[in-house]
Amino acid sequence: MKEKYCFTVNGVMRGTDEEKPLLRYLRDDLHLHSVKDGCSEGACGTCTIIVDGRAVKSCVLTTKLAVGRNIITTEGLSEEEKEAFVYAFGSKGSVQCGFCIPGMVMAGKALIDRVPDPTEEEIKTALKGNICRCTGYKKIIEGIQLAAAILRGDEKIEEMLEKGDAYGVGKHAFRLDVREKVLGYGEYPDDVEMDGMVYASAVRSQYPRARVLDIHYEKALALPGVLDVLTAEDVPNNKVGHLQQDWDVMIAKGSITRCVGDAICLIVAESREILEKAKKLVKIDYEELKPVTSVQEAMAEDAPKVHSKGNLCQSRHVTRGDAKTALANSKYVVTQKYTTPFTEHAFLEPECAVAFPYKDGVKVLSSDQGVYDTRKEISIMFGWDPERVVVENKLVGGGFGGKEDVSAQHIAALAAMKVNRPVKVVFSRQESINFHPKRHAMEGTFTLGCDENGIFTGLDCEIYFDTGAYASLCGPVLERACTHSVGPYCYQNTDIRGYGYYTNNPPAGAFRGFGVCQSEFALESNINLLAEKVGISPWEIRYRNAIEPGKVLPNGQIADCSTALKETLLAVKDAYESNPGRAGIACAMKNAGVGVGLPDKGRAKLIVHDGKVELYSAASDIGQGCATVFVQMAAETTGLGKEQIRNMGANSEVAPDSGTTSGSRQTLITGEAVRMAAADLNEELKKAGGDLRQLEGREFFAEFFDPTDKLGADVPFPKSHVAYGFATHVVILDDDGRVKEVYAAHDSGRVVNPISIQGQIEGGVLMGLGYAFTEDFPLKDAVPQAKYGTLGLMRAPQIPDIHAIYVEKEELLPFAYGAKGIGEIATIPTAPAAQGAYYAMDHVLRTKLPMEDTYYSKKQKAVR
Amino acid sequence: MGQKRKKRVAVVQCAGGCRAEAEVPRKERTGDCRAMAESSPEGMCKWGCLGQGSCAAACRMGAIRINSAGAAEADREKCVGCGLCVKACPRNLIRLTAPEFHIYSACVNEDPGAQTRKYCSTGCIACGICVKNCPVNAVRIEDSHAVIDEEKCIACGMCAVKCPRGVIIDYDGIFTVREGQVER
């Protein structure tokens with residue numbers, strides 16, 4: 001070959017004259033899309049390939065350094081290897097969002113090739129460079145073990161499992177998307193290629209707060225290959241926002257920026273390379289201003305206003321009974337202040353969208369948590385009827401709440417309409433970290449009282465949230481923090497004040513747990529202090545106060561028949577009590593469904609087409625597995641198998657709106673809609689003697705809505721939410737203070753997919769441990785200091801033994817076969833349980849997350 | 001699952017780029033490393049490998065050899081991590097690590113960068129490019145050379161690729177070329 005740099009890729013000699021990261025060559029030139037671009041910094045491992053038998057990050061290696069090497073990607077695995085990994089990962093539930101998976105497969109293969117029978121430790125070490133944010137690694141490790149066993153000939157592939165004839169509720173169901181995610185041919189937005197597609201990217205503010213005096217983009221515009229440069233003037237309506245439209249698409253000349261993620265102009269260019277060059281040619285004149293960096297600063301009387309209406313973004317006052325009197329008359333009272341940090345979602349797939357002119361509007365291929373939400377925000381920006389915007393989700397590489405707001409979608413749509421071509425916008429990892437809303441940082445003061453027997457009497461608390469530059473979902477998140485600050489217990493006097501303030505920090509919004517991670521951390525810690533005063537164990541005080549069916553929650557809602565908090569407490573009792581001085585315990589509850597009087601509807605449409613049932617419901621599967629759950633519900637109702645039901649995905653043009661993937665709601669709310677539609681179909685199917693072909697062309701639509709009462713409704717027992725999930729976690733430390741085991745017992749009603757629910761719990765627990773010990777989001781004058789690799793995300797060698805336990809009751813809710821959500825609650829009780837374990841060990845009360853002076857913080861410090 | 005004892009392997013922290021070779025050819029050097037260290041010839045790096053093979057002599061596995069650059073190099077396949085070489089080296093250049101850390105800095109000199117640049121082609125000049133490019137903040141400059149913290153390192157190879165002097169080495173020979181590869 002005449003090219004300068006030649007090497008073998010999947011058995012074929014390849015060459016190029018360009019020196020660039022091998023990742024870019026494999027993706028852009030060879031279109032090997034299994035090689036994912038998660039950070040391009042060497043930190044995440046999604047681009048792992050095999051080079052001369054070694055697992056290597058292709059973003060680190062260059063075409064020049066690859067000369068003469070033998071390169072393999074998942075596309076180049078042998079048929080035997082492909083089948084082994086697909087089956088093993090599907091069977092063990094190793095796949096969630098899937099973005100890390102091809103990299104995991106390659107790291108696993110490189111190990112198996114050297115060590116055919118690897119130990120758990122060896123697998124963990126081999127995965128050290130690969131981050132997974134969904135699974136907690138356990139199921140990936142099991143998947144690699146099984147794949148190795150199959151390749152050795154010790155285990156066999158059971159083909160019936162993937163075929164899925166028995167696919168109903170509770171079955172060992174193989175996820176729908178395993179094959180495409182394991183082999184890497186499933187499409188995320190960044191894998192989309194279209195004729196004439198161009199690229200757009202925003203030039204973002206250099207300062208968190210500065211007046212934009214002038215924008216000099218002439219040189220960029222003059223660069224060959226640059227199609228256009230857009231500024232705020234090109235945006236029909238320059239405000240977007242999930243609930244409150246306070247978020248400038250771009251900061252106009254003369255206006256003041258609110259955070260470093262703010263876009264100032266948007267460049268559209270023929271290629272990524274030209275785009276990068278053009279961005280460097282833009283010069284912006286700023287008048288730098290002092291940023292508002294904390295809630296305290298935002299509250300100051302002379303504070304600069306981040307938004308014209310003032311810095312108080314949202315507030316809530318949740319009260320019932322008479323907390324003041326109850327606390328005054330309590331035998332024991334504890335008051336304590338707690339601090340929790342911002343947390344980055346760190347989903348493996350950075351934000352990306354492809355938009356192109358479509359019919360009388362625009363179509364957006366997206367990666368988000370609600371295609372109708374994205375449609376709404378984009379239509380507001382254009383000032384259009386929503387129908388002119390079509391949003392379709394491709395695979396979503398993790399969300400955790402961080403993909404509820406528009407990020408890349410609206411600017412892609414804007415650019416596509418301007419240049420009249422398909423436009424791809426993909427965020428760099430740092431752009432993602434700087435831009436999207438985080439978990440709110442909290443400062444809160446909690447006062448909890450109890451009587452001489454440890455029975456809670458009342459709670460008074462004041463919660464301050466830093467919502468950063470934009471509201472995002474501040475209102476509902478703050479509200480959930482307030483309503484859930486009471487915990488899953490049974491007392492009737494509460495006075496809870498919550499305030500969310502704007503600052504110039506990056507915005508904060510939805511994040512798995514939705515405000516409850518913060519407030520229940522504080523509450524559960526106070527409970528331990530009360531237990532100590534009363535002289536009973538932390539387990540005992542929780543059991544004495546635990547909510548049970550028929551009793552009244554602190555918000556007035558009567559706990560329904562499915563409530564199984566006590567069962568979760570009993571499930572972990574032995575584990576807790578057999579580790580004195582080393583164990584911590586915490587409970588949690590989390591709503592399933594949006595509730596609080598909102599029209600939270602699930603919708604599903606089934607169409608019989610080509611002898612199969614097509615399932616239409618715009619409910620984003622962000623990796624948690626709801627698309628599979630819906631098919632399981634339909635299979636349970638109709639008796640059909642996986643191969644006869646096709647989930648058509650979330651597309652606003654063809655699928656009915658089934659709400660946001662938020663509030664742990666999809667399994668219950670959309671699941672019930674699917675069940676209802678499937679029941680109608682099943683009636684007709686019975687009439688047709690079970691012959692699906694006779695129903696060809698028939699449609700079955702269902703909408704599920706179970707009304708709730710709004711916050712503060714003047715009714716004796718307001719029903720805030722359709723359902724609550726409950727959980728108890730026990731964290732056990734070793735003598736060094738390292739987490740050895742976590743027992744996580746969950747009441748999520750009926751378990752639809754046992755493997756998936758374990759994966760949700762394990763992943764949630766590891767996220768909770770990160771929150772407790774290692775994850776932080778340091779800011780310096782409102783500017784994020786963390787890179788992806790320094791966020792403190794736990795890696796495979798750090799994981800403890802996580803025991804996912806689910807308790808299933810006889811009595812269940814009459815919806816969705818009795819299933820309640822699991823998505824968020826798994827993350828909530830882990831951090832307070834970990835804090836309780838440390839308190840049990842050294843009797844130092846740690847009121848700040850991530851906790852200081854732990855095994856983990858010492859390890860971090862030792863290296864600085 | 002049974003836990004295997006974690007394997008350790010020796011790492012020689014010098015790539016042998018000292019230019020003294022030209023002035024005092026190795027053939028003319030006599031004695032073991034300790035003797036050599038005492039008579040340290042003019043212009044020779046006072047931190048790096050002396051190349052007289054005391055470590056190789058101490059090794060019972062035949063895992064250490066002196067490579068063409070004149071520096072000791074450990075073979076991880078043969079090495080059992082006993083540590084005899086560590087004791088044998090008068091300059092404390094050899095340390096033990098886990099095999100997964102195949103990326104390592106092969107220089108411990110404490111002279112200022114400008115001086116190092118003069119007398120050694122593979123010496124760390126403390127430019128800090130590795131520090132800037134490490135995705136997990138595992139590299140720092142200490143006493144004028146790069147130090148990789150293995151508590152944090154994920155062996156991605158970014159520092160090895162970016163190092164302008166070839167100080168940071170990939171034992172696997174993927175990110176940097178390794179002489180041993182040719183011979184194996």
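Colleague: Would you mind going over the overall build of chain A with me for this structure?
Modeller: The number of helices and strands found in chain A is 23 helices and 33 strands. For a compact globule of 864 residues, the expected C-alpha radius of gyration is about 29 Å, and chain A comes in at 26 Å, within 12% of that figure. Expressed as a percentage of its 864 residues, the buried residues of chain A come to 64%. Put simply, 79% of the contacts in chain A that link residues at least 6 apart link residues at least 24 apart.

Colleague: Looking at this structure, how should I read the overall build of chain B?
Modeller: Looking only at helices and strands, one finds 8 helices and 8 strands in chain B. Taken across its 184 residues, chain B has 45% of its residues classed as buried. Taking all contacts inside chain B whose residues are at least 6 apart in sequence as the whole, residues at least 24 apart take part in 61%.

Colleague: How should the interface of chain A and chain B be read in this particular structure?
Modeller: A common measure of how large an interface is: the accessible area buried when the components associate. With 25 residues of chain A at the contact, the number on the chain B side is 19 residues. Secondary-structure elements contributing two or more residues to the side of chain A that touches chain B are β4 (54-57), α4 (120-126) and α23 (855-862) of chain A. By residue class, the composition of the side of chain A that touches chain B is 9 nonpolar, 7 polar and 9 charged.

Colleague: Is there a simple way to explain the sheet that holds strand β24 (residues 583-592) of chain A in this structure?
Modeller: Two orientations exist for strands paired in a sheet by backbone hydrogen bonds: parallel and antiparallel. Residues and elements named next belong to chain A. One open sheet holds the 4 strands; their spatial order is β24-β29-β30-β33, and the pairing between them is mixed. Each end of this open sheet is capped by a strand with a single partner; those strands are β24 and β33 (801-806). Each adjacent strand pair in this sheet contributes to an overall mean axis angle of 15 degrees, direction not counted. The pairing of strand β29 (residues 723-733) with strand β30 (residues 739-747) spans 8 bridges and is classified as antiparallel. Bridging from a neighbouring strand, Ala727 pairs with His746 of β30.

Colleague: Got a minute to help me understand the environment of A:Thr660 in this structure?
Modeller: Summarising the element assignment, A:Thr660 is placed in the loop between β27 (645-647) and α20 (666-687). Aside from chain neighbours lying at most four places away, what touches A:Thr660 is A:Gln369, A:Gly370, A:Asp373 and A:Glu404.

Colleague: Before we go on, may I ask you to explain the nonpolar core in this structure?
Modeller: One broad rule of soluble globular proteins: the nonpolar side chains tend to lie buried together. If you look at the biggest cluster of nonpolar residues, it comprises 355 residues, and the most contacted ones within it are A:Leu266, A:Ile267, A:Ile411, A:Ala412 and A:Ala634. Apart from residues no more than four positions distant in its own chain, A:Leu266 is found in contact with A:Ala200, A:Ala202, A:Leu230, A:Met250, A:Ile411, A:Leu414 and A:Ala415.

Colleague: Got a minute to help me understand the sheet that holds strand β11 (residues 263-269) of chain A in this structure?
Modeller: Residues and elements named next belong to chain A. Strands sit in the order β8-β11-β6-β18-β15-β16-β17 across an open sheet of 7 strands; the sheet is mixed. Where the open sheet ends on each side, the last strands, each with one partner, are β8 (226-230) and β17 (389-393). Across the sheet, the mean angle separating the axes of adjacent strands is 25 degrees when strand polarity is ignored. Across 5 bridges, the pairing between strand β16 (residues 361-366) and β17 is parallel. Bridge assignment links Val364 to a residue of β17, and that residue is Val391. Relative to strand β15 (residues 352-358), helix α13 (residues 409-419) is tilted by about 35 degrees, and along the sheet it contacts β6 (198-204), β8, β11, β15, β16 and β18 (423-426).

Colleague: So what exactly am I meant to see when it comes to helix α15 (residues 474-483) of chain A here?
Modeller: Residues and elements named next belong to chain A. When you tally the buried positions in α15, you get 10 out of 10 residues, the bulk of the element. Listed as buried for α15 are Cys474, Gly475, Pro476, Val477, Leu478, Glu479, Arg480, Ala481, Cys482 and Thr483. For α15, the elements touching its buried residues are β13 (312-320), β21 (456-468), β22 (494-502), β23 (508-509) and α16 (516-534).

Colleague: Looking at this structure, I do not really get unusual backbone geometry. What am I missing?
Modeller: For residues that are not glycine, phi is negative in most cases, and the peptide bond is trans in most cases. Residue and element names in this part refer to chain A. For the bond running from Leu849 to Pro850, omega is -15 degrees, close enough to zero to count as cis. You can see Pro850 is positioned in the loop between α22 (830-842) and α23. In this structure, Ser472 takes a positive phi of about 45 degrees despite not being glycine. Along the chain, the position of Ser472 falls in the loop between β21 and α15. We classify Ser472 as buried; it has 30 C-beta atoms within 10 Å. Of note, Asp781 is a non-glycine position whose phi angle comes to about 50 degrees, a positive value. Given 14 C-beta atoms within a 10 Å radius, Asp781 is considered partly exposed.

Colleague: Just to check I follow, could you spell out the packing of helix α17 (residues 538-545) of chain A against helix α18 (residues 565-577) of chain A for this structure?
Modeller: Packed helix pairs are specified by the crossing angle of their axes together with the interaxial distance, meaning the distance between the axes. Residues and elements named next belong to chain A. The geometry of α17 relative to α18 is characterised by a closest axis approach of 11 Å and an angle of 170 degrees between their N-to-C directions. Between α17 and α18, the angle falls in the class roughly antiparallel. On α18, the residues touching Trp539, Arg542 and Tyr543 of α17 are Lys566, Leu569, Lys573, Tyr576 and Glu577. Among the residues forming the contact of α17 with α18, the class breakdown is 4 nonpolar, no polar and 4 charged.

Colleague: Just to check I follow, could you spell out helix α5 (residues 138-152) of chain A for this structure?
Modeller: Side chains of residues three or four places apart in an α-helix project in the same direction, reflecting 3.6 residues per turn. Over its 15 residues, α5(A) runs 21 Å from end to end, which matches the ideal 21 Å to within 8%, given 1.5 Å per residue. Taking burial as the measure, the 15 residues of α5(A) include 13 buried ones, the bulk of the element.

Colleague: How should I be thinking about the packing of helix α19 (residues 626-638) of chain A against α20(A) in this particular structure?
Modeller: All names here are of chain A. The N-to-C vectors of α19 and α20 enclose an angle of 30 degrees; their axes lie 8 Å apart at closest approach. The handedness of the crossing between α19 and α20 is right-handed. Across from Cys626, Val629, Phe630, Met633, Ala634, Thr637 and Thr638 in α19, the residues of α20 making contact are Gln666, Thr667, Thr670, Gly671, Val674, Arg675, Ala678, Ala679, Leu681, Asn682 and Leu685. The class makeup of the residues in the contact of α19 with α20 is 10 nonpolar, 7 polar and 1 charged.

Colleague: I tried to follow the environment of A:Cys517 on my own but got confused; where do I start?
Modeller: Residue and element names in this part refer to chain A. Turning to its location among the elements, Cys517 is positioned in helix α16. Note on Cys517: 30 C-beta atoms within 10 Å, which makes it buried. Not counting residues within four places of it along the chain, the set of residues in contact with Cys517 comprises Arg439, Tyr771, Thr827, Ile828 and Ala831.

Colleague: Mind showing me how you'd approach the pairing of β16(A) here?
Modeller: For a regular strand, side-chain orientation follows a simple rule: the groups alternate between the two sheet faces. Residue and element names in this part refer to chain A. A large share of β16 lies buried, amounting to 6 of its 6 residues. Bridge count between β15 and β16: 5 bridges; the pairing is antiparallel. Looking at β16, one finds that Ala355 is bridged to Val364. Joining the antiparallel neighbours β15 and β16 is a turn of 2 residues, in which Lys359 adopts a positive phi near 50 degrees. Regarding the hand of the β-α-β motif, the stretch spanning β16, helix α12 (residues 371-382) and β17 is right-handed.

Colleague: Quick question: what am I supposed to make of the confidence of the model for chain B here?
Modeller: Detail in the predicted coordinates should be disregarded across regions flagged by low pLDDT. Looking at chain B, pLDDT values average 88 and 90% of them are 70 or higher. At the level of chain-chain contacts, confidence expressed as ipTM amounts to 0.92, with global pTM at 0.96.

Parameters and conventions
Residues numbered from 1 in each chain as written. Chains lettered and ligands numbered in written order. Predicted model: local features only at pLDDT ≥ 70, side-chain atom pairs only at ≥ 80, totals over all residues. Helix = DSSP H or I, 4+ residues; strand = E, 2+ residues; numbered from the N terminus. Rg over C-alpha atoms; globule rule 2.2 N^0.38 Å. Buried ≥ 20, exposed ≤ 12 C-beta atoms within 10 Å, placed from the backbone. Contact = placed C-beta atoms within 7 Å. Nonpolar A, V, L, I, M, F, W, Y, C, P; charged D, E, K, R; others polar. Pairing = 2+ DSSP bridges. Axes fitted to C-alpha atoms, helices over the stretch in contact; angles between N-to-C directions. Core = buried A, V, L, I, M, F, W, Y, C linked by C-beta atoms within 7 Å. Parallel < 35°, antiparallel > 145°, perpendicular 65-115°, else oblique. Expected span 1.5 Å × (residues − 1). Left-handed = near helix turned anticlockwise from the far one by under 90°. Right-handed = clockwise from strand over helix to strand, strands pointing away. pLDDT = per-residue confidence, 0-100.

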